[in-house]
Amino acid sequence: QVQLVESGGGLVQAGGSLRLSCAASRSIFDFNAMGWYRQTPEKQRDLVARITRGNDVNYADSVKGRFTISRSLLAKTIYLQMNNLNIEDTAVYYCNAEMWGNDYWGQGTQVTVSS
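Residues numbered from 1 in each chain as written. Predicted model: local features only at pLDDT ≥ 70, side-chain atom pairs only at ≥ 80, totals over all residues. Heavy atoms only, no water.

K.L.:
Explain the overall build of the chain residue by residue, including any values.
P.N.:
In terms of helices and strands, the chain carries zero helices and 11 strands. N-terminal to C-terminal, the α/β element order of the chain is β-β-β-β-β-β-β-β-β-β-β. Whereas a compact globule of 115 residues would reach a radius of gyration of roughly 13 Å, the chain reaches 13 Å, a difference of no more than 12%. Expressed as lengths along the three principal axes of its C-alpha atoms, the size of the chain is roughly 40 × 25 × 25 Å. (Helix = DSSP H or I, 4+ residues; strand = E, 2+ residues; numbered from the N terminus. Rg over C-alpha atoms; globule rule 2.2 N^0.38 Å.)

Written out as structure tokens, the structure reads:
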């Protein structure tokens with residue numbers, strides 16, 4: 001059983017910062033990779049950032065240089081530091097974990113960026 005619990009979303013002004021957290025119910029080293037996705041009512045769920053067991057990371061082009069994904073093995077948590085937020089970053093952000101061909105998702109956390 002895998003549970004992922006996100007936190008840290010909220011309302012922020014454009015140019016501001018937020019940090020999202022995703023706490024896992026088991027060691028994050030069990031997962032092949034973990035990541036953050038986001039979704040709006042108009043769009044599909046898209047990858048924002050991903051980190052593999054080997055600590056390789058990749059980002060969507062739209063967030064490169066502004067967002068940073070990181071992890072704490074001890075805390076069984078991954079993070080998404082989001083800086084210089086803009087209105088287009090408004091979405092529900094979901095934590096994802098990949099393990100043995102299966103995808104696990106958190107419940108999502110809303111990020112709203114105001115002008």
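That covers the picture; the talk isn't over yet.
K.L.:
Lay out the nonpolar core with the relevant residues and their values.
P.N.:
Among the nonpolar cores identified, the biggest contains 29 residues, and M34, W36, L80, M82 and Y93 are the most heavily contacted of them. Counting residues per element, the ones that place at least two in this core are β3 (18-24), β4 (33-39), β5 (46-52), β7 (67-72), β8 (77-82), β9 (91-99) and β11 (109-114). Sequence-distant contacts of M34, defined by excluding residues within four places in its chain, comprise L4, C22, I28, A49, R50, I51, I69, I78, C95, N96 and A97. (Core = buried A, V, L, I, M, F, W, Y, C linked by side-chain atoms within 4.5 Å. Buried < 20%, exposed > 50% of the residue type's maximum accessible area, 1.4 Å probe, protein only. Contact = heavy atoms within 4.5 Å.)

K.L.:
I'd like a rundown of the state of the cysteines, residues and numbers included.
P.N.:
Evaluation of the coordinates by the stated rule reveals one disulfide. C22 shares a disulfide with C95; S-S distance 2.0 Å. Measuring the twist about the S-S bond at about -80°, one finds the C22-C95 disulfide to be left-handed. Of this pair, C22 sits in strand β3 while C95 sits in strand β9, and the two are 73 residues apart along the sequence. (Disulfide = S-S within 2.5 Å.)

K.L.:
Talk me through the sheet that holds strand β1 (residues 4-7); I want residue IDs and the actual numbers.
P.N.:
The strand order across the open sheet built from four strands is β1-β3-β8-β7, with neighbouring strands paired in antiparallel fashion. The open sheet has two free edges, formed respectively by β1 and β7, since each of these has just one partner strand. Across the sheet, the axes of successive neighbouring strands diverge by a mean angle of 15°, strand direction being ignored. Here β7 pairs with β8 via six bridges, running antiparallel. Bridge pairing in β8 links S70 to Y79. (Pairing = 2+ DSSP bridges. Axes fitted to C-alpha atoms, helices over the stretch in contact; angles between N-to-C directions.)

Functional significance is not addressed by these values, which are geometric in nature.
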